[in-house]
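One letter stands for each residue in the lines below.
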Amino acid sequence: MNILDWKTKQNNVEVPFCPARVVLQDFTGIPAMVDFAAMREAVRNAGGDPVKVNPACPTDLTVDHSLQIDFSKCAIQNAPNPGGGDSQKPMAKLSPLKAQPRKLPCRGQTGCKGPCSAGDSSRNSGQFSAQIENTPLLCPFHLQPVPEPETVLKNQELEFGRNRERLQFFKWSSKVFKNISVIPPETGMAHQVNLEYLSRVVFDVKDFLYPDSVVGTDSHTTMVNGLGILGWGVGGIETEAVMLGMPVTLTLPEVAGCELTGTASPLATSIDIVLSITKQLRQADVAGKFVEFFGSGVSQLSVADRTTIANMCPEYGAILSFFPVDNVTLKHLKHTGFDEAKLEVMEAYLKAVKLFRNDESSSREPEYSQVVQISLSSIIPYVSGPKRSQDRVAVNNMKSDFQACLNEKSGVKGFQIAAEKQNDIVPVQYEGNEYKLSHGCIVIAAVISCTNNCNPSVMLAAGLLAKKAVEAGLVVKPYIRTSLSPGSGMVTHYLSSSGVLPYLSKLGFEVVGYGCSTCVGNTAPLPEAIRNAIKQGEIIACGVLSGTKNFEGRLCDCVRANYLASPPLVVAYAIAGTVRIDFETEPLGTGFNGKSIYLRDIWPTRRELHTVEEECVISSMFKELKEKMEKGNKRWNSLETPESTLFPWDLKSTYIRCPSFFDKLAKEPVSPQPIENAHVLLYLGDSVTTDHISPAGSIARSSAAAKYLTNKGLTPREFNSYGARRGNDAVMTRGTFANIKLLNKFIGKPAPKTIHFPSGQTLDVFEAAELYQKEGIPVIILAGKKYGLGSSRDWAAKGPFLLGVKAVLAESYEKVHRSQLIGIGIAPLQFLPGENPSTLGLTGREQFSVLFPPELSPGMTLDVKTSTGKVFSVIALFENDMEITLYKYGGSLNFVARRFL
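Here is what the cut-offs are and how they apply
- Residues numbered from 1 in each chain as written.
- Predicted model: local features only at pLDDT ≥ 70, side-chain atom pairs only at ≥ 80, totals over all residues.
- Heavy atoms only, no water.
- Helix = DSSP H or I, 4+ residues; strand = E, 2+ residues; numbered from the N terminus.
- Contact = heavy atoms within 4.5 Å.
- Areas by Shrake-Rupley, 256 points an atom, 1.4 Å probe, with all protein chains shown as cover.
- Salt bridge = Lys/Arg side-chain N within 4 Å of Asp/Glu carboxyl O.
- Buried < 20%, exposed > 50% of the residue type's maximum accessible area, 1.4 Å probe, protein only.
- 1 Å grid on protein atoms, 1.4 Å probe; cavity = no way out; pocket = protein on both sides within 12 Å on 5 of 7 lines; lining within 4 Å.
- Points joined across faces, edges and corners; volume = space filled by probe spheres on them.
- Nonpolar A, V, L, I, M, F, W, Y, C, P; charged D, E, K, R; others polar.
- Core = buried A, V, L, I, M, F, W, Y, C linked by side-chain atoms within 4.5 Å.
- Pairing = 2+ DSSP bridges.
- Axes fitted to C-alpha atoms, helices over the stretch in contact; angles between N-to-C directions.
- Phe/Tyr/Trp six-rings, centres within 6.5 Å; stacked < 30°, edge-to-face > 60°.
- Lys NZ or Arg CZ within 6 Å of the ring centre and 35° of its normal.
- pLDDT = per-residue confidence, 0-100.
- Parallel < 35°, antiparallel > 145°, perpendicular 65-115°, else oblique.

Enquirer: Before we go on, may I ask you to explain the overall build of the protein in this structure?
Expert: The helix and strand inventory of the protein stands at 30 helices and 32 strands. Looking at the protein alone, contacts between residues at least 24 apart form 77% of all its contacts between residues at least 6 apart. About 34,300 Å² of surface is accessible on the protein, with carbon and sulfur atoms providing 50% of the total.

Enquirer: What's the story with the pattern of salt bridges in this structure? I'm lost.
Expert: Oppositely charged side chains are able to pair whenever their charged atoms sit close together. The final tally for this structure, using the stated rule, is 27 salt bridges. We note a salt bridge from Lys798 to Glu240, for which the minimum N-O separation is 3.8 Å. Of the two residues, Lys798 sits in helix H27 (residues 795-802) while Glu240 sits in helix H8 (residues 236-243), which places them 558 residues apart along the sequence. With a relative accessible area of 1%, Glu240 lands in the buried category. Put simply, Lys334 and Glu340 hold a salt bridge, and the shortest N to O gap is 3.5 Å. Residue Lys334 is classed as partly exposed on the basis of its relative accessible area of 48%.

Enquirer: Is there a simple way to think about the environment of Leu330 in this case?
Expert: Mapped onto the secondary structure, Leu330 falls in helix H11 (residues 327-335). Through-space distance from the C-alpha of Leu330 to that of Leu343 is 7.2 Å; in sequence the pair is 13 residues apart. If we skip the residues at most four places from it in the chain, Leu330 touches Val325, Leu343, Met346, Glu347 and Phe356.

Enquirer: Would you explain empty space enclosed by the protein in this entry?
Expert: Rolled over the atoms, a probe with the dimensions of a water molecule shows which regions are left empty. Within this structure, the stated rule accounts for nine cavities of 30 Å³ or more. Considered as a void within the structure, the largest cavity measures approximately 610 Å³ in volume. Secondary structure elements with two or more residues in the lining of the largest cavity: strand S8 (230-233), H8, strand S9 (248-251), helix H28 (815-824) and helix H29 (881-888). It is H28 that provides the largest number of residues to the lining of the largest cavity, a total of eight residues. The class makeup of the residues in the lining of the largest cavity is 16 nonpolar, 18 polar and seven charged.

Enquirer: What should I look at first to understand helix H15 (residues 489-497) in this one?
Expert: One full turn of an α-helix is made of 3.6 residues, so residues set three or four places apart face in the same direction. Burial within H15 is extensive, with eight of its nine residues counted as buried. At the exit of H15 stands Gly499, carrying a positive phi of roughly 85°.

Enquirer: When you look at the environment of Ser438 in this model, what are you seeing that I'm missing?
Expert: Residue position: Ser438 is located in strand S17 (residues 433-438). Judged by relative accessible area, which is 24%, Ser438 ranks as partly exposed. Put simply, Ser438 and Gln422 are 16 residues apart on the chain and 8.3 Å apart in space, counted from C-alpha to C-alpha. Dropping the residues within four chain positions of it, Ser438 is found in contact with Asp424, Ile425, Ile539 and Ile540.

Enquirer: Could you clarify how one ought to interpret the nonpolar core in this entry?
Expert: One broad trend across soluble globular proteins is that nonpolar side chains are buried collectively. Membership of the largest hydrophobic core comes to 128 residues, with the highest contact counts inside it found for Leu681, Phe737 and Tyr787. Counting residues per element, this core draws most heavily on helix H2 (residues 26-45), which supplies nine residues. Ignoring anything within four residues of it in the chain, the contact list for Leu681 reads Asn744, Phe746, Thr754, Val765, Ala768, Ala769, Tyr772, Val779, Ile780, Leu803 and Val805. Ranked by size, the runner-up nonpolar core spans 82 residues in total, among them Ile417, Ala462, Val491 and Ile530.

Enquirer: Which parts of the structure should I look at to understand the environment of Glu811?
Expert: Note that Glu811 resides in the loop between strand S28 (805-810) and H28. For the pair Glu811 and Gln830, spaced 19 residues apart in sequence, the C-alpha to C-alpha distance is 5.4 Å.

Enquirer: I tried to follow the pairing of strand S6 (residues 208-211) on my own but got confused; where do I start?
Expert: On any regular strand, side chains alternate: one points to one face of the sheet, the next to the other face. Pairing of strand S5 (residues 202-205) with S6, which is carried by four bridges, proceeds in the antiparallel orientation. Within S6, the position partnered with Val205 by the bridge is Phe208. In textbook terms, the turn of a hairpin is the stretch between consecutive antiparallel strands, and for S5 and S6 this stretch comprises two residues, one of which, Lys206, has a positive phi near 55°.

Enquirer: How should the sheet that holds strand S27 (residues 779-782) be read in this particular structure?
Expert: Each strand in a sheet pairs with another by means of backbone hydrogen bonds, the pair being arranged parallel or else antiparallel. Taken in spatial order, the seven strands of this closed barrel run S24-S27-S28-S29-S32-S31-S30, and their pairing is mixed. Across the sheet, the axes of successive neighbouring strands diverge by a mean angle of 40°, strand direction being ignored. As defined by bridge partners, strand S24 (residues 675-683) adjoins strand S30 (residues 848-850) across two bridges and the pair is classed as antiparallel. Counterpart to Ala678 in the pairing with S30 is Phe848. Set on the sheet, helix H26 (residues 765-774) makes contact with S24 and S27; between it and S24 the angle comes to about 170°.

Enquirer: Explain the sheet that holds strand S11 (residues 290-294) here, please?
Expert: Taken in spatial order, the four strands line up as S12-S11-S10-S13 in an open sheet, and their pairing is parallel. The two strands at the open ends of the sheet, each matched to only one other strand, are strand S12 (320-322) and strand S13 (370-375). Strand-to-strand twist in this sheet, taken as the mean axis angle between neighbours without regard to direction, amounts to 25°. One ladder, built from five bridges, connects strand S10 (residues 255-261) with S11; its direction is parallel. By the bridge assignment for S11, Glu259 is matched with Phe294.

Enquirer: Got a minute to help me understand the packing of aromatic side chains in this structure?
Expert: The geometry of an aromatic ring pair is captured by two quantities: the separation of the ring centres and the angle between the planes. All chains considered together, the criterion is met by 24 aromatic pairs. Summarising the aromatic geometry, the rings of Phe203 and Tyr210 are spaced 5.1 Å apart at their centres and angled 5° between planes, so their arrangement reads as stacked. Since its relative accessible area comes to 7%, Phe203 is described here as buried. Judged by centre distance (5.0 Å) and plane angle (90°), the rings of Phe746 and Phe757 are edge-to-face. Highlighted residues: Phe746 in the loop between helix H25 (729-735) and strand S25 (753-756) and Phe757 in the loop between S25 and strand S26 (761-764), separated in sequence by 11 residues. No difference in accessibility class separates Phe746 from Phe757, as the two residues are buried. By way of ring pairs, the aromatic residues Phe36, Phe169, Phe170, Trp172, Phe177, Phe647 and Trp649 are connected into one cluster. The aromatic ring of Phe356 is capped on one face by Lys351, whose charged end is 5.0 Å from the ring centroid. The cationic tip of Lys798 hangs over the ring face of Trp795; the distance from NZ or CZ to the ring centre is 5.6 Å.

Enquirer: Honestly, the confidence of the model for the protein in this entry has me stumped. Any pointers?
Expert: For any part of a model where pLDDT is low, the fine detail of the predicted coordinates should not be relied upon. Confidence in the prediction for the protein averages 82 pLDDT; 84% of positions are at 70 or higher. Contacts of residues 74-147 to residues separated by more than four positions or lying in other chains number 150 contacts, the stretch itself having pLDDT below 50.

Enquirer: Quick question: what am I supposed to make of unusual backbone geometry here?
Expert: With glycine set apart, most residues show a phi of negative sign, and most peptide bonds adopt trans. Looking along the chain, the bond that leaves Gly385 and enters Pro386 is cis, with omega of 10°. Tracing the chain through its elements places Pro386 in the loop between strand S14 (382-384) and strand S15 (392-394). In this structure, Phe737 takes a positive phi of about 60° despite not being glycine. By the element assignment, Phe737 lies in the loop between H25 and S25.

Enquirer: Whenever I open this one, helix H18 (residues 567-576) confuses me. Can you help?
Expert: When you tally the buried positions in H18, you get 10 out of 10 residues, the bulk of the element. Burial in H18 covers these residues: Pro567, Pro568, Leu569, Val570, Val571, Ala572, Tyr573, Ala574, Ile575 and Ala576.

Enquirer: Help me understand the packing of helix H14 (residues 456-472) against H18 in this model?
Expert: Axis angle and axis distance: for two packed helices, these are the angle between their axes and the distance between the axes, and together they describe the pair. It is at 7 Å that the axes of H14 and H18 come closest, and there the two elements cross at 30°. Classed by the angle they form, the pair H14 and H18 counts as roughly parallel. Along its contact with H14, which presents Val458, Met459, Ala461, Ala462, Leu465, Ala466 and Ala469, the element H18 presents Pro567, Pro568, Val571, Ala572 and Ile575. Looking at the contact of H14 with H18, its residues break down into 12 nonpolar, no polar and no charged.

Structure below.
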């Protein structure tokens, strides 16, 4: 009845929801599985049966975040011209629909319908075939891969080497726990595998039909909304509770209808549409709401477009962005290999329960809490940056906008470069040639298909643009860290079979592997000469990538400006070598015979793209890739794992360690304990991200985590990343607030430091927290607006908890992170509207006390007292009774574990 009476009940009543399944990726999946293993240990120690500890619903874990780009074309080849050859001579044109492979066998599969290892030698003759090497190809007859390029093999070898212990733990988990399936490395990204392989759309269990639904630890779980599947990202702590049979409890949300009308410009890619909708929905304030798309414009979007749009919904704050199933969806599912009979049942079921969208229906549109209208016809090409995904810049304004960023004060966009230094040029010698670096120079260019691999048009556009660029005589400077990271083998297949992959490789965009890389800070270090030149000249260097995250310093600590762009624009900017270019009036570079080449000269038309898509994107790709995922790979299949019910913890391990979350496992809840005389560990500003709180990238050599690993006998080359070590609480606690870009107001400049007030010392955050804990002094965090912005990350809550943080007092929170704080036992407190530390006259150097009443209620106001005598009120940001219950038990992990006692 509460849902039927939604107009009066929304935002006021609780709705428990049990998802049909769970998806995990390895960065957030490993702490979940370590917690499960630790829970078995705790249940055994408390006299329970550890075998009962299993996921209650189907759970799929994709190992996709352990890939690091140790090798790329730039790193392997030493020639100034990546790809080799004489760049001054024109090349013969190749058909965009025919691959030009080296003479390689397709590994002797029986029943081959064509001579994969032979053929007309003239196809491989000429200068071009000598220049393009190590190109990943698939046999066009049975879609089996031929020998992979050197970069992929080298990166895979190192990935399995450095992560062997983690991978063995994952494989043990898949054997021991029921309802756990592990997708091995080098298969694809979690959200892409979820879209291509794991999604059911409609579950059919013993002739009982119900809609597919999913929650996942990856913020891009919402990608499946484009297939008509209800799904969204939650914290790892909440996910573990769902895996153990608990419902997701949320306040009945408002549902915003987004009406799409018109047709997008031929030059506007899916990324342009995504960023436009992101900005407009963020401005419409849909944070914490469900968004459903409707209107005539929806039918103009392919499923690929829809999934790309839905993928970005965390960036505009919505819980999910839903596209109902319609005829476009059914056609897509048919092309991707869905069984005809199953599709008929699916269509009949969805129509019967009124979940099928039909433009031709005379019925009126659904009612919504609010309606946001967006005209696709008004969308023009954009990039996003230089520090936040919501800061869009029209491509034709890029040059002037970057100039404005140089002038602007340091902040969310500005870099505050003195006028007399804005045109500085730093000469640098690299591989025997001199290059000139200046503000706006590009040093990282990454074509990442994590948000685009479901949409072949944008990846093929990048390939076709590269083809035209190479044929025109354009090159990319060799010091630019170029990379191509496909989301799955499907992307490699259609780039290969369309014949554009050699051209991407020629420009340095060679396949580096399958998994998250640049987006999570796993880029290989820049060449030493380039790094030194950037730092010595204080150059604002740039990265351009087709991902979703561009926070300052995320890609590389010396790359301060990062822009999100469509794949073809990434290639275009890489060729230009700078973001300070007006594509309308300035050429990308000089081609053969000294001719100036403009972007309009090499930009592919929609007709070209559609032709290539029709030839290359076929249903057999999905079928073959599904078989590949089910078979695994040789390295994974050969891994040896223990068979024991309980995991045999290795006390010497620096990857897997039994955490302390269950040390105080209690059968009954206790009243919330008061926070007395707490010091402020950190005084933070607005938009503190989960990257600031719990970094996922490399471990700095001077950090507390590095000191710990060094004491364990590891060298810096063996540190790996924070993301890879999320199964070790000792590393992750030391890595909490270790981001070099963390701005603590106590320090006054970016640094992972704070003040230990009893002694007055300036210390690493971990060292200060450790001293407070030894002294028995609780700590809290003061913060501004949107605390916990960015990707859901359980260690962004677990880390502060293990540092002794009892509460966070902020002006506002990102919804998922607020839930995570409660799930681990940290109280999220919020200043009253219009109040903040400044208006209250707080310095952060006071001590704070908070008294919790025996009976908490959602949204209750509490009094905070300071050591200076000041008293002010805050809101206890518990949204429902379930959250209060979890907090009383010390978090969801302990609440769930007690069920097995």
